[in-house]
Amino acid sequence: MCGIFAYLNYNVSRERRYVLEVLFNGLRRLEYRGYDSAGISIDSSLLTSISMDPNSRLSLSVPPLVFRQEGKIESLVKSVYEEVAASDLNLEESFSVHAGVAHTRWATHGEPAPRNSHPQTSDPGNEFLVVHNGVVTNYAVHDRIH
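Note that residues are indexed from 1 along each chain, following the sequence as it is written. Local features are withheld for residues below a pLDDT of 70 in this predicted model, meaning they are given only at 70 or higher, and side-chain atom pairs are given and counted only at 80 or more; totals for whole chains, interfaces and linings count all residues. Hydrogens and water are ignored here; the side-chain numbers use all heavy atoms of the structure.

> So what's going on with helix α1 (residues 16-29)? Residues and values would help.
Under the scheme used here, helices are H or I runs from DSSP no shorter than 4 residues and strands are E runs no shorter than 2 residues, and both carry numbers assigned from the N terminus. What a helix is expected to span follows from its residue count: subtract one and scale by 1.5 Å. Its 14 residues place the ends of α1 20 Å apart at the C-alpha level, agreeing with the 20 Å of an ideal helix rising 1.5 Å per residue. Burial classes follow relative accessibility: with a 1.4 Å probe on protein chains only, a residue under 20% of its type's maximum area counts as buried, one over 50% as exposed, and anything between as partly exposed. Here α1 has its buried residues at R16, V19, L20, V22, L23, F24, G26 and L27.

> Requested: an account of the sheet that holds strand β5 (residues 65-70), with residues and values cited.
Here a strand pair is declared whenever DSSP counts at least two bridges between the two strands. Spatial ordering of the open sheet is given by β1-β6-β2-β5, a layout of 4 strands whose pairing is antiparallel. Edge positions in the sheet fall to β1 (3-15) and β5, since each of these pairs with one other strand and no more. The mean inter-strand angle of the sheet, taken between neighbouring strand axes irrespective of direction, is 10°. Across 10 bridges, the pairing between β1 and strand β6 (residues 94-105) is antiparallel. Looking at the pairing, R14 lines up with F95 of β6. α1 contacts β1, β2 (37-42) and β6 of the sheet and is inclined by roughly 155° relative to β1. Angles shown run from 0 to 180 degrees and are taken between the N-to-C directions of axes, each axis being a line fitted to C-alpha atoms and, for helices, limited to the stretch in contact. Note on contacts: a residue pair qualifies if any of its non-hydrogen atoms lie within 4.5 Å across the two residues.

> Account for helix α2 (residues 73-85), with residues named and values stated.
Between its first and last C-alpha atoms α2 spans 18 Å; for 13 residues at 1.5 Å apiece the expected length is 18 Å, and the two agree. Of the positions making up α2, those classed as buried are I73, L76, V77, S79, V80 and V84. Looking at the buried side of α2, the elements it contacts are α1, β2, β5 and β6.

> Tell me what's going on with the packing of α1 against α2, and back it up with residues and numbers.
Where α1 meets α2, the axes come as close as 10 Å, and the angle between the chain directions of the two elements is 165°. One finds that α1 runs roughly antiparallel with respect to α2. Relative to α2, α1 is oriented so that their crossing is right-handed. Mapping the contact onto sequence places R17, L20, E21, F24, L27 and R28 in α1 and I73, E74, L76, V77, V80 and Y81 in α2. A class-by-class count of the residues in the contact of α1 with α2 yields 8 nonpolar, no polar and 4 charged. Each angle receives one of four descriptions, namely roughly parallel if under 35 degrees, roughly antiparallel if over 145, roughly perpendicular if within 65 to 115, and oblique otherwise. By convention, the crossing between two helices is left-handed when the near helix turns anticlockwise from the far helix through less than a right angle, and right-handed when the turn is clockwise. Basically, the charged four are Asp, Glu, Lys and Arg, the nonpolar ten are Ala, Val, Leu, Ile, Met, Phe, Trp, Tyr, Cys and Pro, and anything else, Gly included, counts as polar.

> Tell me about the pattern of salt bridges, residues and numbers included.
Salt bridge, as used here, is a side-chain nitrogen of Lys or Arg placed within 4 Å of a carboxyl oxygen of Asp or Glu. Per the counting criterion, the structure on display carries 4 salt bridges. The salt bridge partner of R16 is E93, with a shortest N-O separation of 3.3 Å. Of the two residues, R16 is situated in helix α1 and E93 in the loop between α2 and β6; the sequence distance between them amounts to 77 residues.

What follows is the structure, encoded as structure tokens:
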């Protein structure tokens, strides 16, 4: 059975490590529901593009980070920290506004695999993310669009 847990802090300084641990703990509380894979997304601080919107306002694009893993939540935790250790991601960086979402998935369509885990992304830049509980019955139409 799927489960969704989200975290938002506003005007309260929190380190990225704290946000990750809150999300992991939220997933741990959903373990009783049964699942075969899990994933999380957190805000990034890596600026990828600067552009002007149609109203001549500066628009900053900062894609969220997405981590997905087949198996138990502790497999996700381990893979996230391994990926962080191999990158220059600063877990002590503080944010006064930060959003994150976590999801456990029970496969009803598609095999248990990171590519089928949530959050699902719109494109390689993670411009748009979605987590949901349930079955997307018109998934074949979406596959043809992409």
